[in-house]
Amino acid sequence: MTFMRWRQFTNEAVNALVRETRPGVYLLARGRKHVDYVGWAGRDLKATLRQHLAKGYHVFSFEYALSPRAAFRKGCALYHHYRPIDNQGHPVPPERTGWQCPLTGCQYSH
Ligand SMILES: [Zn+2]
């Protein structure tokens, strides 16, 4: 997967780097060796990222998505790829969307 490189996870960096109000996915980490959290945002990546500030993460990486559904599917793929320790579970599709995980055999793909 192509991702931007790790950046310092500060309010200033988020404001400077995530300039557009768009859907997207992101990775959070306390160090640079393991991805500790994977997230997706269906509408406003910057606002969603801000909710994770001051929770002990030191670096982040992000990528915009073309649509909310694309962000969800990317988030699923990243979740399966990294199996991040801080995620409570698999990304859950918003109600009534019918969105599915792209991974065949996953419980969210049917
Ligand atoms: Zn899945």
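Above this text sits the structure in question.
No experiment lies behind these values; they were computed from the predicted model shown.

Visitor: Got a minute to help me understand the overall build of the protein chain in this structure?
Guide: Within the protein chain one finds three helices and four strands. Computed over C-alpha atoms, the radius of gyration of the protein chain comes to 13 Å, within 12% of the 13 Å expected from 2.2 N^0.38 for 110 residues, which places it in the range of a compact globule. Per-residue burial over the protein chain gives 31% buried out of 110 residues. If you take every contact in the protein chain between residues at least 6 apart in sequence, the share linking residues at least 24 apart comes to 67%.

Visitor: Quick question: what am I supposed to make of the nonpolar core here?
Guide: The nonpolar side chains of a soluble globular protein tend to be buried, and buried together. In this structure, Val25, Tyr26, Leu27, Leu28, Leu49, Phe60 and Phe62 are the most contacted members of the largest nonpolar core, which totals 24 residues. Residue assignment for this core shows that the elements contributing at least two residues are strand S2 (24-29), strand S3 (37-41), helix H2 (45-50), strand S4 (59-64) and helix H3 (68-82). Once residues within four sequence positions are removed from consideration, leucine 49 is found in contact with Val14, Val18, Tyr26, Phe60 and Phe62.

Visitor: Honestly, the environment of asparagine 15 in this entry has me stumped. Any pointers?
Guide: With respect to the helices and strands, the residue asparagine 15 is situated in helix H1 (residues 11-17). Spatially, the C-alpha atom of asparagine 15 lies 14 Å from that of histidine 52, the residues being 37 residues apart in sequence.

Visitor: Please clarify how the sheet that holds S2 should be interpreted in this entry.
Guide: The strand order across the open sheet built from four strands is S1-S4-S2-S3, with neighbouring strands paired in antiparallel fashion. Of all the strands in the sheet, the pair left with one neighbour each is strand S1 (7-8) and S3. Bridge count for S2 against S4 is six bridges, and the pairing is antiparallel. The residue of S4 that forms the bridge with alanine 29 is valine 59. Set on the sheet, H3 makes contact with S2 and S3; between it and S3 the angle comes to about 175 degrees.

Visitor: Just to check I follow, could you spell out H3 for this structure?
Guide: Residues separated by three or four positions in an α-helix point in the same direction, a consequence of the helix having 3.6 residues per turn. The first and last C-alpha atoms of H3 sit 21 Å apart over 15 residues, in line with the 21 Å expected at 1.5 Å per residue. Regarding H3, the residues found buried are Ala71, Phe72, Arg73, Lys74, Gly75, Cys76, Leu78 and Tyr79. Elements in contact with the buried residues of H3: S2 and S3. A positive backbone phi angle near 45 degrees is found at arginine 83, which sits one or two residues after H3.

Visitor: Would you mind showing me how to read the pairing of S2 here?
Guide: Along any regular strand the residues' side chains alternate between the sheet's two faces. Counting buried positions along S2 gives six out of six residues, so the element sits mostly inside the fold. Burial along S2 is two-sided: the residues Gly24, Tyr26 and Leu28 and Val25, Leu27 and Ala29 are all buried. Inspection of the sheet shows S2 paired to S3 by five bridges, in the antiparallel sense. Across the sheet, residue leucine 28 finds its bridge partner in S3, namely tyrosine 37.

Visitor: Which parts of the structure should I look at to understand the environment of tryptophan 40?
Guide: Along the chain, tryptophan 40 falls in strand S3. The class of tryptophan 40 is buried, set by 22 C-beta atoms lying within 10 Å. For the pair tryptophan 40 and tyrosine 79, spaced 39 residues apart in sequence, the C-alpha to C-alpha distance is 9.9 Å. Ignoring any residue separated from it by four or fewer positions in sequence, one finds tryptophan 40 in contact with Val25, Ala71, Phe72, Lys74, Gly75 and Pro91.

Cut-off values and rules
Residues numbered from 1 in each chain as written. Predicted model: local features only at pLDDT ≥ 70, side-chain atom pairs only at ≥ 80, totals over all residues. Helix = DSSP H or I, 4+ residues; strand = E, 2+ residues; numbered from the N terminus. Rg over C-alpha atoms; globule rule 2.2 N^0.38 Å. Buried ≥ 20, exposed ≤ 12 C-beta atoms within 10 Å, placed from the backbone. Contact = placed C-beta atoms within 7 Å. Core = buried A, V, L, I, M, F, W, Y, C linked by C-beta atoms within 7 Å. Pairing = 2+ DSSP bridges. Axes fitted to C-alpha atoms, helices over the stretch in contact; angles between N-to-C directions. Expected span 1.5 Å × (residues − 1).

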